[in-house]
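What follows is each chain in one-letter form.
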Number of protein chains: 6
Amino acid sequence: MSKEIKELIAKAEVLIEALPYLRKFADKSFVIKYGGQAMVSEEFKKSVIMDLILLKYIGINPILVHGGGAEVTRMLERLGKKAVFANGLRVTDAETMEVVEMVLVGKVNKEIVGLINRHGGKAVGLSGKDADLLVARRRPPEKVNGSEQVVDLGQVGDIEQVNPGVLQTLCSQGYIPVISSIAVGREGESLNINADHVAGQLAAALRAEKLILLTDVEGIFADPAIPGSLISTLPKEQALAMIRAGKINKGMIPKVEACLMALEQGVGRTHIIDGRLPHALLLEIFTDHGIGTMVTEQGENGNGN
Amino acid sequence: MSKEIKELIAKAEVLIEALPYLRKFADKSFVIKYGGQAMVSEEFKKSVIMDLILLKYIGINPILVHGGGAEVTRMLERLGKKAVFANGLRVTDAETMEVVEMVLVGKVNKEIVGLINRHGGKAVGLSGKDADLLVARRRPPEKVNGSEQVVDLGQVGDIEQVNPGVLQTLCSQGYIPVISSIAVGREGESLNINADHVAGQLAAALRAEKLILLTDVEGIFADPAIPGSLISTLPKEQALAMIRAGKINKGMIPKVEACLMALEQGVGRTHIIDGRLPHALLLEIFTDHGIGTMVTEQGENGNGN
Amino acid sequence: MSKEIKELIAKAEVLIEALPYLRKFADKSFVIKYGGQAMVSEEFKKSVIMDLILLKYIGINPILVHGGGAEVTRMLERLGKKAVFANGLRVTDAETMEVVEMVLVGKVNKEIVGLINRHGGKAVGLSGKDADLLVARRRPPEKVNGSEQVVDLGQVGDIEQVNPGVLQTLCSQGYIPVISSIAVGREGESLNINADHVAGQLAAALRAEKLILLTDVEGIFADPAIPGSLISTLPKEQALAMIRAGKINKGMIPKVEACLMALEQGVGRTHIIDGRLPHALLLEIFTDHGIGTMVTEQGENGNGN
Amino acid sequence: MSKEIKELIAKAEVLIEALPYLRKFADKSFVIKYGGQAMVSEEFKKSVIMDLILLKYIGINPILVHGGGAEVTRMLERLGKKAVFANGLRVTDAETMEVVEMVLVGKVNKEIVGLINRHGGKAVGLSGKDADLLVARRRPPEKVNGSEQVVDLGQVGDIEQVNPGVLQTLCSQGYIPVISSIAVGREGESLNINADHVAGQLAAALRAEKLILLTDVEGIFADPAIPGSLISTLPKEQALAMIRAGKINKGMIPKVEACLMALEQGVGRTHIIDGRLPHALLLEIFTDHGIGTMVTEQGENGNGN
Amino acid sequence: MSKEIKELIAKAEVLIEALPYLRKFADKSFVIKYGGQAMVSEEFKKSVIMDLILLKYIGINPILVHGGGAEVTRMLERLGKKAVFANGLRVTDAETMEVVEMVLVGKVNKEIVGLINRHGGKAVGLSGKDADLLVARRRPPEKVNGSEQVVDLGQVGDIEQVNPGVLQTLCSQGYIPVISSIAVGREGESLNINADHVAGQLAAALRAEKLILLTDVEGIFADPAIPGSLISTLPKEQALAMIRAGKINKGMIPKVEACLMALEQGVGRTHIIDGRLPHALLLEIFTDHGIGTMVTEQGENGNGN
Amino acid sequence: MSKEIKELIAKAEVLIEALPYLRKFADKSFVIKYGGQAMVSEEFKKSVIMDLILLKYIGINPILVHGGGAEVTRMLERLGKKAVFANGLRVTDAETMEVVEMVLVGKVNKEIVGLINRHGGKAVGLSGKDADLLVARRRPPEKVNGSEQVVDLGQVGDIEQVNPGVLQTLCSQGYIPVISSIAVGREGESLNINADHVAGQLAAALRAEKLILLTDVEGIFADPAIPGSLISTLPKEQALAMIRAGKINKGMIPKVEACLMALEQGVGRTHIIDGRLPHALLLEIFTDHGIGTMVTEQGENGNGN
């Protein structure tokens, strides 16, 4: 048998290995949050897009949620406006909100949609305003962390209601929905929502099988200073304790919150994984082993999918 | 009988008068282009939106196409970039294209979608990139009108292919699609398309019953200087002659072209009407009389719908 | 703006005003009883018919029930037979029953069906015998009101069972069912049923959204002698008290009974309105205000629909 | 084996014999005209009704058409009005038409419907006015046969259009349609139609498998005076010749005409059979042999079904 | 009326008599076990097959289960292998199992399928291994009746799970499933199952309307020596008592067990009838009287179907 | 990045490589013939079975056809009957036919069905007699190759008609049909058919996308003595020439014939490949390159799928 044929056979065995996962996930919904560093590199982007298209072809319904903070900041700078943050959230006055919406919906979303379509998928981009997909309430002014000062975050909101009908319509017709993290307020105003939270809430509303948050670190570490301390399975109670202890902080907090929101509403599995790994989505889904950190309701053995 | 009751009866008679039109247009598609001045006034906007929602409720499938040149120009100015036009078209370099897309898709589209949803409709906004709805070819450099100079219009395109499947999916589920005049090129690049042309091509691809172009004049005049010279019915041959004679010019040219594209593909009726009239859409649709100018394949008597 | 255009705009506004009602009543069933004086005048007939057709076109399912006492009496006279009444009900011997059935099913019903079809609707006439739509029990002999004398009303019955399947089949295919107030007895005999009761029972069996009884008075008056004493909203308890006190009497009693039967089975709203008003049905349905008397389970504020 | 068991086995064999016909006729439409003497006897009526119900249960779609001349004449007499005939057709003035419609639709039709329902079928009665099932044109005044005198037959018509949609709706939901031979004219007026012609036209419009005309003679005789001269198979040409020769006359003419109308439009088989035979319908359908006279496009061997 | 016609009419009356049973059993499933002597005679076979096809045509869903002990024994003999029985069951070593499966699935089943198809039905043969229709557990070694000796019956099993999906798929598409009494074990091995038990379990899993076991005696006798002592209706308690008393024995025991399994799971009626009677299935189903012995949950009057 | 992760990524890339083939073959039918040596080895069997199940899961409809000559010969020997061949075909007397049918349908088929089900697929075994899937004509006596002697091959047939309805029913419900190469004759007798021919005819009747014949050689060689002379693409004309020249002979002839039958009826691609290669099916389907010999209508470049 030639070397070439042997290699082909090895490839066929990989397909056969994927079979149990195909069976397990047929017709299930996966909500995938994609952002940060992973979104910047052309190579990482293509890897995520190809994974998404494969998932769709084999009968899974992926729904992609994206943010785009870096692009927003860049555009604000071009307009001579300084980005202001408080409690890790962008202070969003009306002018900033306009820019956030334009950049996320009119630029980042369309780039992703274009990439998926160019590689053979069928994507449709949506903002949370389309079909009232995401309805939110404006967040009241709150104390700045570690201070008595009160800050009005402006058009920043928390999701109150998800109307997922349009997603089901699109998924059942073969489309991959791509969703910008913008919601509509009760008065019709645009509201800026944390994209991790959007993903968590959509997963909850769709009773998704999996919520997968792609980020630019390997996962959650028991001690970020110790590379070997990556946590495979993080039970809810331990996650809350680590937040309180400050061991989970900054951008990782809304990710963990999104996982907890989703778990509470019956989502099967929630994962925080490293989007810089080529084919990170497939690795997570099609191996027994899994990658990154899985957040769970209770302590479990292993990190299977 | 009290005066109040008499007024109510008069209203009921209006509903009864609408009955023949309900019968005639049930389940038909109407492509409506909405732009320019009509889009600026809050009052005109609401009037158009309410008309759209009514059409949807009584069983017609309206599809809304919008442009947004004025908003684009404003944003370019804020970014310190000057709008350049040639042959009546925006010279669209890469940076300009980015702004055009952001403003149309991320701002104007979402405002319209939000308005429809707030008044009780269910709108979903789409760019021509979503689901590869509008596929275009970049326009080659062309001579400047009346000169030997050649100009590269940049990312300006002409539609080559329409994939209307996503519109049918959304319409059949009760949504009103709202479409920005952006297409995708063969290399995945964004292309700026004249919004009237987009409407004409969509009407053609959907075999729409009507194409209605809302503008900010009363219609086409035999002599614009003579108010009474509004043309009710404009046969194709006469329209072409008026363009050649310069009697139809500027922004009216693409509108007439859109009507002719649509008529060629079997669209029933094409109309250029005054969007500043309250309920212009209903007036056009629900009266025997019609308003504005109807462009037709051949000379016809009257201007009925 | 010309006067003509202003009038058209005013008409368009009427359509827009109707929008909330379209939303509210889409796909709901309305059972409408039509009889007495309203049925005699050609003008009133046409008004009712046009209203019915409009309701059907905009997505409501109207079901029409009719009686026809005056026509029956006329035919009996032609046959040299005298109409006899007891307790407000026609004493119906076999020969009379034959005439009742022929006149209602073979004449009145077909006239209404023909009118609807001629004006653009699609009507199908049914007797309660068709598809066993109305199954009734013969009423046992009863005491004459205010006397010790017992009278056998003959083939007069009370509905025991409604089989509404055929109505749903016809409504879903775009037809307007028109129903004569004849039922079938357990031995297959024809039975004469009060048409108001038929309407009440059909509304109950269909869980209709509305029962509307068109009559030839304005509604129920607190004191019929005082024109201004029309009651907008009549709670059940008050209605029963007025019957006991004799303030509601004669032909109004079965109407109120029909409303109460329907309310008990979960029908949303029940109305007794003046069929002589042009477009009485539309007035009732498409105005906040309503007309005539609404009978309700409990006291309510206002008389909205 | 006991005698009782032997008899049961013989019965089972009858069912098995019916099997090829079940296969052949599954889901086919049979239009059956029923009238005259056969309709008068209670015993014959029940036999026809039971046959119809059996056909429906085993998957055939029977459609019943009835006339009712004798009952009409009786009612006219009760009203002191004399029946007048010309050219074998009832001269139908407005008053007569009213009586014809009342008797057929309101009496005869409902009796048949009631009988079917009482014996376990689900019948719905229709006039040709329902759902515009039968649209006709008034017959112009014509010469009296064998005379120069011209007679206006009044509201007598010829069918111009059949709208069979309502029959298909009802048949597919398990109902047996029972149709009175009344049509609607272009001005909405009622028109009296020969019931044999109605059956022929309905069979044609439905592309029925069979048209069966139940009458009160054994079929068509070569010489009515010779009992043994019953014609099993009558080719079209021979039928026309016999009409010209006066050998087929009176009430048999419209029956033969109905067969010829149906044959022209592709109806499979047309039969004139003796409705006085118990289970005449089953005999015709479920035996190779057939009964009565089959009218055919061309000469055929045998009279199989 | 000729004698021939009179006979035809008598036949039509038989069809009419069958009508109430058609109504009663439309769309119901009947599981029929067919075996033993009845399967050997060509004449009996054809009678059963014709009955099955008739049942299918008139809307009942028959499912046929067969065994084939005699054929198995014959093939074993040809292979020089002796059939060994213990406790009335075939001791089934691996080689015997191979023969059992080949004979039942590859010979007996295909003969029945072929017969049904040749007579106009559409049959599909299945083993319990197809689509995992019958999953069984191997029976542990057991004591020989009336002895201390323990015998391993080999590949003999008891059904643990029925997956009837494939039967519903086939029945709904017009096929008659024919099932061999072979099951699949948890390790994929073939297991020999008593065919009466297979029928009982399938009837239970399908919530069949009837379980009918065709055998080669008239039914169950109170005293087999007394021909007149056939029991029409045998309540469960009495059946169990008769087994304990040895009055029901040998091959009749699994039949009674099958009836009891089915009754417990809600099967309507269970019958043990004489397959040697021509058209035994039709006699049982289409007569009020019934034949053979009906086993019931409790004592009932009569033996109707 | 750890070595383990690198390996996982390589595996994910294999899945991504498969994507274009998934797109290309979604919902297509593949008819696969499996026999000879490949069927004997447990390892090869499992490899084929796993490939089939994977194909089914990713949306392809595989249909498996099998023969089983070696097993038949073995059973005939056990019965003391000698296998006789003429012109490369088994001389099949009635006794031999019985054994062929029992072994193929009752043993080989059920083993394959069992294996598929045990590994997670849902298989249903069929003979050509089930649902009259394969109808054949008995082959008339023919001359022995290279002799004047005439031989009656007995119950050997050629397919005349394929009724693929049952395959479509089963495929659409998720089942993998497994088909034994037995047909039914016009008199209901069993006929032995070459399994390659069965596969070719089924592919033709189903307008399959691919016909794949798994064998135990690498493909067709220009000169079997020269290992390097494997032919990748064999145009029809060249194949016929090689048969005439005796360069294709014995068991390879019916395989080439099957390919030609299929090509004539519009089957997309036909392949003869080496079933001894692990995952031969996947290699053929999921690589651009392909393996074995592709038989084509006309000369083509390359051997892509």
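Here we summarise the structure given alongside this text.

Quick notes on the rules
Residues numbered from 1 in each chain as written. Chains lettered and ligands numbered in written order. Predicted model: local features only at pLDDT ≥ 70, side-chain atom pairs only at ≥ 80, totals over all residues. Heavy atoms only, no water. Helix = DSSP H or I, 4+ residues; strand = E, 2+ residues; numbered from the N terminus. Rg over C-alpha atoms; globule rule 2.2 N^0.38 Å. Contact = heavy atoms within 4.5 Å. Areas by Shrake-Rupley, 256 points an atom, 1.4 Å probe, with all protein chains shown as cover. Lys, Arg positive; Asp, Glu negative; His and termini not counted. Charge placed at Lys NZ, Arg CZ, Asp CG, Glu CD. Buried area = accessible area lost by both parts, 1.4 Å probe. Salt bridge = Lys/Arg side-chain N within 4 Å of Asp/Glu carboxyl O. Polar contact = N/O pair within 3.5 Å; in protein donor to acceptor, adjacent residues only side chain to side chain. Buried < 20%, exposed > 50% of the residue type's maximum accessible area, 1.4 Å probe, protein only. Least-squares fit on C-alpha atoms with pLDDT ≥ 70 in both. Pairing = 2+ DSSP bridges. Axes fitted to C-alpha atoms, helices over the stretch in contact; angles between N-to-C directions. Phe/Tyr/Trp six-rings, centres within 6.5 Å; stacked < 30°, edge-to-face > 60°. Lys NZ or Arg CZ within 6 Å of the ring centre and 35° of its normal.

**Thoughts on the overall build of chain A**
Then, in step 1: Looking only at helices and strands, chain A has 9 helices and 16 strands in total.
Then, in step 2: Radius of gyration (C-alpha) of chain A: 20 Å, near the 19 Å computed for a compact globule of 305 residues.
Then, in step 3: With the C-alpha coordinates aligned to their principal axes, the bounding extent of chain A is approximately 70 × 40 × 35 Å.
Then, in step 4: Partitioning the contacts of chain A with sequence separation of at least 6, the portion at a separation of at least 24 is 71%.
Then, in step 5: Surface accessibility of chain A: about 11700 Å² in total, with carbon and sulfur atoms responsible for 49%.
Then, in step 6: Side chains of chain A give 34 positive and 37 negative charges; the mean places of these two sets differ by 2 Å.

**As for the interface of chain E and chain D**
Then, in step 1: The interface is formed by 33 residues belonging to chain E together with 33 residues belonging to chain D.
Then, in step 2: Taking both sides of the interface into account, the surface hidden between chain E and chain D amounts to around 3000 Å²; carbon and sulfur atoms contribute 82%.
Then, in step 3: Connecting chain E to chain D are 2 salt bridges.
Then, in step 4: Notably, a salt bridge pairs Glu17 of chain E with Lys11 of chain D, separated by 3.0 Å at the nearest N-O pair.
Then, in step 5: At the boundary of chain E and chain D, one finds 6 residue pairs in polar contact (both at pLDDT 80 or more).

**Here we look at the environment of Ala12 of chain B**
Then, in step 1: Positionally, Ala12 of chain B belongs in helix α1 (residues 3-25).
Then, in step 2: Residue classification places Ala12 of chain B among the buried residues on the basis of a relative accessible area of 2%.
Then, in step 3: Ignoring anything within four residues of it in the chain, the contact list for Ala12 of chain B reads His279, Leu282 and Leu283 of chain C.

**As for the interface of chain B and chain A**
Then, in step 1: Taken together, the contacts link 33 residues of chain B with 33 residues of chain A.
Then, in step 2: For the pair chain B and chain A, the interface holds 8 salt bridges.
Then, in step 3: With a shortest N-O distance of 3.3 Å, Glu98 of chain A and Arg78 of chain B are connected by a salt bridge.
Then, in step 4: For the interface between chain B and chain A, the tally reads 16 residue pairs in polar contact (both at pLDDT 80 or more).
Then, in step 5: Of all elements in the fold, only α3 (69-78), α4 (94-118), β5 (123-127) and α5 (165-172) of chain B reach the threshold of two or more residues within the side of chain B that touches chain A.
Then, in step 6: If you tally residues by element for the side of chain B that touches chain A, the top one is α4 of chain B, at 13 residues.

**Examining unusual backbone geometry**
Residues and elements named next belong to chain D.
Then, in step 1: Phi is positive for Asp132, close to 50°, though the residue is something other than glycine.
Then, in step 2: Considering the arrangement of structural elements, one finds Asp132 in the loop between β5 (123-127) and β6 (134-138).
Then, in step 3: Phi at Lys250 is positive, roughly 50°, even though this residue is not glycine.

**A word on the relation of the copies chain B and chain A**
Then, in step 1: When chain B is brought onto chain A, the operation consists of a screw motion whose angular component is 180° and whose axial shift is 0.0 Å, with 0.0 Å RMSD remaining. When the rotation and shift are considered jointly, the pair of chain copies conforms to a two-fold rotation axis. Using C-alpha coordinates, one finds that chain B approaches the rotation axis most closely at Gly106 of chain B, a distance of 2.0 Å.
Then, in step 2: By residue overlap, the copies meet face to face through one surface: 100% of the interface positions of chain B are interface positions in chain A.

**Let's talk about the relation of the copies chain E and chain D**
Then, in step 1: Each copy superposes on the other: chain E lies on chain D with an RMSD of 0.0 Å after a rotation of 180° and an axial shift of 0.0 Å.
Then, in step 2: The fraction of interface residues of chain E whose copies in chain D are also interface residues reaches 100%, indicating that both copies meet through the same surface.

**A word on helix α6 (residues 195-205) of chain B**
Residues and elements named next belong to chain B.
Then, in step 1: Burial within α6 is extensive, with 9 of its 11 residues counted as buried.
Then, in step 2: Every buried residue of α6 is listed here: Ala195, Asp196, His197, Val198, Ala199, Gly200, Leu202, Ala203 and Ala204.
Then, in step 3: Its side-chain oxygen at 2.8 Å from the backbone nitrogen of Asp196, Asn194 defines the N-terminal cap of α6.
Then, in step 4: Following α6 by one or two positions, Arg207 has its phi on the positive side, about 45°.

**As for the pattern of salt bridges**
Then, in step 1: Tallied over the entire structure, the rule returns 148 salt bridges over all chains.
Then, in step 2: Between Lys107 of chain D and Glu98 of chain C there is a salt bridge, with the nearest N and O atoms lying 3.0 Å from each other. Note that Lys107 of chain D is positioned in helix α4 (residues 94-118) and Glu98 of chain C in helix α4 (residues 94-118), a pairing that runs across two chains.
Then, in step 3: What makes Lys107 of chain D buried here is its relative accessible area of 12%.
Then, in step 4: Look at Glu98 of chain C and you get partly exposed, because its relative accessible area is 22%.
Then, in step 5: Where salt bridges share partners, they join Glu42, Lys45, Glu71, Arg74, Arg78, Lys107 and Glu111 of chain A together with Lys81, Asp93, Glu95 and Glu98 of chain B into one cluster.

**Quick notes on the sheet that holds strand β14 (residues 233-235) of chain E**
All names here are of chain E.
Then, in step 1: Here we have 8 strands laid out as an open sheet, ordered β5-β10-β2-β1-β13-β15-β16-β14, and mixed in their pairing. Each edge of the sheet is formed by a strand with only one pairing partner; in this case those strands are β5 (123-127) and β14. Adjacent strand axes in the sheet meet at a mean angle of 20° when their direction is disregarded.
Then, in step 2: In terms of strand pairing, strand β13 (residues 210-215) meets strand β15 (residues 269-274) through 6 bridges, oriented parallel. What sits directly across from Thr215, in β15, is Asp274.
Then, in step 3: The sheet contacts of helix α6 (residues 195-205) involve β1 (29-34), β2 (61-66), β10 (176-180) and β13, and relative to β1 the element is tilted by about 180°.

**Thoughts on the arrangement of the chains**
Then, in step 1: Structurally, chain A and chain C remain out of contact, their C-alpha atoms never closer than 17 Å.
Then, in step 2: Between chain B and chain F there is no contact, and the shortest C-alpha to C-alpha distance separating them is 17 Å.

**Notes on the pairing of strand β15 (residues 269-274) of chain A**
Residues and elements named next belong to chain A.
Then, in step 1: A large share of β15 lies buried, amounting to 5 of its 6 residues.
Then, in step 2: Across 3 bridges, the pairing between β15 and strand β16 (residues 293-296) is antiparallel. Within the sheet, the bridge partner assigned to His271 lies in β16 and is Met294.

**Observations concerning the side chain of Lys129 of chain D**
Then, in step 1: Here Lys129 of chain D lies in the loop between β5 and β6.
Then, in step 2: The exposure class assigned to Lys129 of chain D is buried, which follows from its relative accessible area of 5%.
Then, in step 3: A distance of 2.6 Å separates the side chain of Lys129 of chain D from the side chain of Ser190 of chain D, its partner in a polar contact.
Then, in step 4: Those residues in contact with Lys129 of chain D, other than ones at most four positions away along the chain, are Lys110, Val113 and Asn117 of chain C together with Glu101, Ile182, Ala183, Val184, Gly188 and Ser190 of chain D.

**Quick notes on the sheet that holds strand β10 (residues 176-180) of chain A**
All names here are of chain A.
Then, in step 1: Pairing within the open sheet is mixed, and its 8 strands lie in the order β5-β10-β2-β1-β13-β15-β16-β14. Each end of this open sheet is capped by a strand with a single partner; those strands are β5 (123-127) and β14 (233-235). Within this sheet the neighbouring strands show an average axis-to-axis angle of 20°, counted without direction.
Then, in step 2: Of the strand pairs in this sheet, strand β1 (residues 29-34) and strand β13 (residues 210-215) are connected by 5 bridges, and their pairing is parallel. If you follow Val31 over to β13, its bridge partner there is Leu211.

**A look at the packing of aromatic side chains**
Then, in step 1: Considering all chains together, one arrives at 11 aromatic pairs over all chains under this definition.
Then, in step 2: Here Phe25 of chain A and Phe30 of chain A contribute two aromatic rings whose centre-to-centre distance is 5.2 Å and whose plane-to-plane angle is 80°, an arrangement assigned as edge-to-face.
Then, in step 3: Among the residues examined, Phe25 of chain A registers a relative accessible area of 1% and is labelled buried.
Then, in step 4: For Phe30 of chain A, a relative accessible area of 0% gives the class buried.
Then, in step 5: Between the aromatic rings of Tyr21 of chain D and Phe286 of chain D, the centroid separation amounts to 5.9 Å while the plane-to-plane angle is 80°, which identifies the pairing as edge-to-face. Here Tyr21 of chain D is found in helix α1 (residues 3-25), whereas its partner Phe286 of chain D is found in helix α9 (residues 280-286), with 265 residues between them in sequence. Each of the two residues, Tyr21 of chain D as well as Phe286 of chain D, counts as buried.
Then, in step 6: For the cation-ring pair, Lys122 of chain C lies above Tyr175 of chain C, with the distance from its terminal atom to the ring centre recorded as 4.5 Å.

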